[in-house]
Amino acid sequence: MKKTLIVQAPAKINIALWVKHKRPDGFHELGSIMQTISLADTITIKEIGEPGIRIFCNNPEVPLDASNLVHRAATVFLDHFSIEPHLAINIEKKIPVAAGLAGGSTDAAAVLSGLARLYDKSVTTPDIMNISATIGSDVPFVVHGGLALAEGRGEKLSFYEPPRPPYAVVIAVPTGVSVSTRWAYENYQPGNNQAKEKAFEEVLQAYRRRDIDALKALIFNDLESVTLHRHPEVLRIKELLASTGDGVAMMSGSGPSVFALFNDRKHAMKAVKTLHGMAVNVFIEHITRKNA
Ligand code: ATP
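Residues numbered from 1 in each chain as written. Predicted model: local features only at pLDDT ≥ 70, side-chain atom pairs only at ≥ 80, totals over all residues. Heavy atoms only, no water.

Draft legend 1. The arrangement of the overall build of the protein chain in detail. In terms of helices and strands, the protein chain carries ten helices and ten strands. Taking 292 residues into account, the globule formula puts the C-alpha radius of gyration at 19 Å, and the protein chain, at 19 Å, falls close to it. With the C-alpha coordinates aligned to their principal axes, the bounding extent of the protein chain is approximately 55 × 45 × 35 Å. For the protein chain, buried positions account for 54% of its 292 residues. Excluding contacts between residues fewer than 6 apart, the proportion of contacts in the protein chain whose partners are at least 24 apart in sequence is 75%. Total accessible area computed for the protein chain in this model is approximately 13300 Å², and 52% of it derives from carbon and sulfur atoms. Looking at charge distribution, the protein chain has the averaged site of its 32 positive side-chain charges lying 4 Å from that of its 30 negative ones. (Helix = DSSP H or I, 4+ residues; strand = E, 2+ residues; numbered from the N terminus. Rg over C-alpha atoms; globule rule 2.2 N^0.38 Å. Buried < 20%, exposed > 50% of the residue type's maximum accessible area, 1.4 Å probe, protein only. Contact = heavy atoms within 4.5 Å. Areas by Shrake-Rupley, 256 points an atom, 1.4 Å probe, with all protein chains shown as cover. Lys, Arg positive; Asp, Glu negative; His and termini not counted. Charge placed at Lys NZ, Arg CZ, Asp CG, Glu CD.)

In structure tokens, the structure reads:
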């Protein structure tokens, strides 16, 4: 009998993003604190009679050919286990595309975990994380989910228990603005790394003890300087989300999405009201733990 499986693919935010320096191989050496959130795509994987991998998506911005990270993930998995491709994969996109929320990476991660279940492969999460590293540097993190400190290109991961009760998270994405991750890194001018080393560790501690006031002074994303300069509306959204004084707001990844952390949903909803009249897509979510 042909099987069908449905998996959730959670978005990530960067609580801190430190771009240390450009390496001789062209990649940047990073320090990043990453957290998965409840905003998620829903992926349906179906075995089909015809050969090949067919991709469907409700968002026309997403490519349906071999450049889709889901296609790459399925190909890597099937090659690894020498399985002939006979798959239809539907991506129901809720995560805004090219927004700094790792939408493509998390879809790829969900497909890897989903295929392991669909084909009854007894692989562990660390096995899948290893297989996933070739697809993209954020993929091993989203395979696992929760809270992690990432170093190297983002592939050296140390996981932590996310704080409890979970923060409420507002995600605000300006419409009509898309930022290429590559462009943001290419235009970044590295700053003072010594000060960042200390601040980076302090962000993780303040985040874990749910100290929003401390985070207001500590939190940073090096790529903000690049994206905010080009897209002032991102700065405006950040200022508005912080204006109630209850939360801490920051751009995620290379942007343009902005996230803000609050102690509870009531404060998150109050901050969302400040965005009234802005051309922005808003989600009220919460941080999540390790993927099931
Ligand atoms: P990151 O935070 O990892 O830098 P992002 O959230 O900024 O990524 P994505 O949503 O992953 O960006 O999209 C980046 C590009 O990847 C898109 O413009 C799209 O062409 C391509 N892409 C490939 N596969 C997918 C997918 N499954 N979902 C979304 N975009 C995809």
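Draft legend 2. Structural context of the sheet that holds strand β8 (residues 248-251). Taking strand neighbours across the sheet as the criterion, the four strands line up as β8-β9-β7-β10 in an open arrangement whose pairing is antiparallel. On the outer flanks of this sheet lie β8 and β10 (280-286), each paired with one strand and no other. Here the average twist between neighbouring strands, direction ignored, is 20°. Here strand β7 (residues 168-174) pairs with strand β9 (residues 258-262) via five bridges, running antiparallel. Counted as the bridge partner of Ala-172 is Val-258 from β9. (Pairing = 2+ DSSP bridges. Axes fitted to C-alpha atoms, helices over the stretch in contact; angles between N-to-C directions.)

Draft legend 3. A look at the pairing of strand β6 (residues 156-160). Strand direction decides the pairing type here: strand β5 (residues 147-152) and β6, joined by five bridges, are antiparallel. Residue pairing in the sheet places Ala-150 in a bridge with Leu-157 of β6. Linkage of β5 to β6, two consecutive antiparallel strands, is achieved through a turn of three residues, within which Gly-154 is found at a positive phi near 120°.

Draft legend 4. Representation of the nonpolar core. Counting 37 residues, the largest nonpolar core has Ile-43, Leu-87, Ile-89 and Leu-115 as its most contacted members. Sort the elements by how many residues they give to this core and helix α2 (residues 103-118) lands first, with eight residues. Not counting residues up to four positions away in its chain, the partners in contact with Leu-87 are Ile-45, Lys-46, Glu-47, Ile-48, Gly-52, Ile-53, Arg-54, Ala-74, Leu-78, Leu-115, Leu-118 and Tyr-119. (Core = buried A, V, L, I, M, F, W, Y, C linked by side-chain atoms within 4.5 Å.)

Draft legend 5. Summary view of the packing of aromatic side chains. Summed over the entire model, instances satisfying the criterion amount to five aromatic pairs. Taken together, a centroid distance of 4.8 Å and an interplanar angle of 45° make the contact between Phe-77 and Phe-81 tilted. Considering the side-chain rings of Tyr-167 and Tyr-207, the 4.9 Å spacing of their centres and the 25° angle between planes classify their relative orientation as stacked. Placement of Tyr-167 in the loop between β6 and β7 and of Tyr-207 in helix α6 (residues 193-208) is noted, with a sequence separation of 40 residues between them. (Phe/Tyr/Trp six-rings, centres within 6.5 Å; stacked < 30°, edge-to-face > 60°.)

Keep in mind these numbers describe shape, not what the thing actually does.
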